[in-house]
Structure formats: C-alpha cells, structure tokens
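Letter by letter, the chains look like this.
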Amino acid sequence: SGYGWPAADVGRVSADLDPAGQFAFVTASGEAVVSDLRAEERFSPATPLVAAGMSLSIQVAVAGGRGPFGTLGAHFAVPREIRPTDVDFIRSAAN
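Residues numbered from 1 in each chain as written. Predicted model: local features only at pLDDT ≥ 70, side-chain atom pairs only at ≥ 80, totals over all residues. Heavy atoms only, no water.

### Thoughts on the overall build of the protein
- Counting its secondary structure elements, the protein contains 3 helices and 3 strands.
- With 95 residues in all, the protein has 28% of them scored as buried.
- In the protein, the proportion of contacts linking residues at least 24 apart, taken out of those at least 6 apart, comes to 42%.
- With the model as given, the accessible surface of the protein reaches about 6100 Å², and the carbon-plus-sulfur share is 56%. (Helix = DSSP H or I, 4+ residues; strand = E, 2+ residues; numbered from the N terminus. Buried < 20%, exposed > 50% of the residue type's maximum accessible area, 1.4 Å probe, protein only. Contact = heavy atoms within 4.5 Å. Areas by Shrake-Rupley, 256 points an atom, 1.4 Å probe, with all protein chains shown as cover.)

What follows is the structure in structure tokens.
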C-alpha cells in the first residue's frame with residue numbers, strides 16, 4: 001500500500017538491500033522504531049523514505065517459514081509521538 005506517497009512511486013519503489021541499511025536491520029533485529037530518520041545511527045535509513053520527507057518510522061519483520069518474509073511499516077512526515085500501541089498495531093498486522 002502507498003497511502004500518502006506520490007502516485008508515481010506507488011508500486012515502483014523497492015527496498016534497499018544494503019547490508020547496513022534499514023531493511024537489513026529490521027529483518028535481522030525484528031523491528032526498528034525511529035523518531036528521527038535523519039539522526040538515525042544504527043543503520044542507513046531507506047533512501048525513498050528520506051527523499052519523501054519522512055521523519056518517523058515504525059517497521060517490523062514479517063515472519064516467514066525460513067526466516068523473515070519481508071517487512072511492514074508505517075512512516076510519517078509530520079512529527080508525532082510514537083506510542084507503544086502504535087508499535088503493537090504494526091506488529092500484530094505483520095504477524
């Protein structure tokens with residue numbers, strides 16, 4: 001899904017598979033909750049998120065039979081508080 005993304009990006013933007021990147025971090029650790037992507041130091045934030053002006057990110061791994069199948073996330077351009085219930089919702093939707 002791509003609600004809020006530019007129409008030209010929906011269905012066309014893919015995950016960056018850089019071993020030091022956000023997707024690799026999430027699939028290895030299980031989740032990443034980031035209140036400021038520009039200040040993130042654990043991994044390199046996904047280029048499409050930064051380019052789209054996203055500042056907050058909640059991303060979790062989606063379980064698969066032989067390891068993570070992928071990730072599911074919610075990303076925000078408008079500053080807001082990330083509550084534990086926000087993270088719980090993404091976790092429950094992913095698995």
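There is more to say, and it comes next.
### Quick notes on the nonpolar core
- The biggest cluster of nonpolar side chains holds 9 residues, and these are V26, A32, V34, L37, F43, A46, L49, M54 and A61.
- With 7 residues, the next largest nonpolar core counts I58, V62, V87 and A94 among its residues. (Core = buried A, V, L, I, M, F, W, Y, C linked by side-chain atoms within 4.5 Å.)

### Description of the environment of H75
- Relative to the assigned elements, H75 resides in strand 3 (residues 67-76).
- Expressed as a C-alpha distance, the spacing of H75 and M54, which sit 21 residues apart in the sequence, is 6.3 Å.
- Engagement of the side chain of H75 in a polar contact is seen with the side chain of S57, the distance being 2.8 Å. (Polar contact = N/O pair within 3.5 Å; in protein donor to acceptor, adjacent residues only side chain to side chain.)

### Quick word on helix 3 (residues 84-94)
- Residues of helix 3 that are buried include every one of D86, V87, I90 and A94, and no others. Each buried residue of helix 3 lies within a common arc of 95° when the element is viewed along its axis, so the set occupies one face. Summarising the geometry of helix 3, the exposed residues directed more than 90 degrees from the buried face are P84, T85 and F89. (Arc of directions from axis to C-beta.)

### Section: the packing of aromatic side chains
- Overall, the coordinates contain 1 aromatic pair when judged by the stated rule.
- Ring geometry for F25 and F43: centres 4.9 Å apart, planes at 35°, overall tilted. Of this pair, F25 sits in helix 1 (residues 22-29) while F43 sits in the loop between strand 1 (31-34) and helix 2 (47-51), placing them 18 residues apart in sequence.
- Since its relative accessible area comes to 22%, F25 is described here as partly exposed.
- What makes F43 buried here is its relative accessible area of 5%. (Phe/Tyr/Trp six-rings, centres within 6.5 Å; stacked < 30°, edge-to-face > 60°.)

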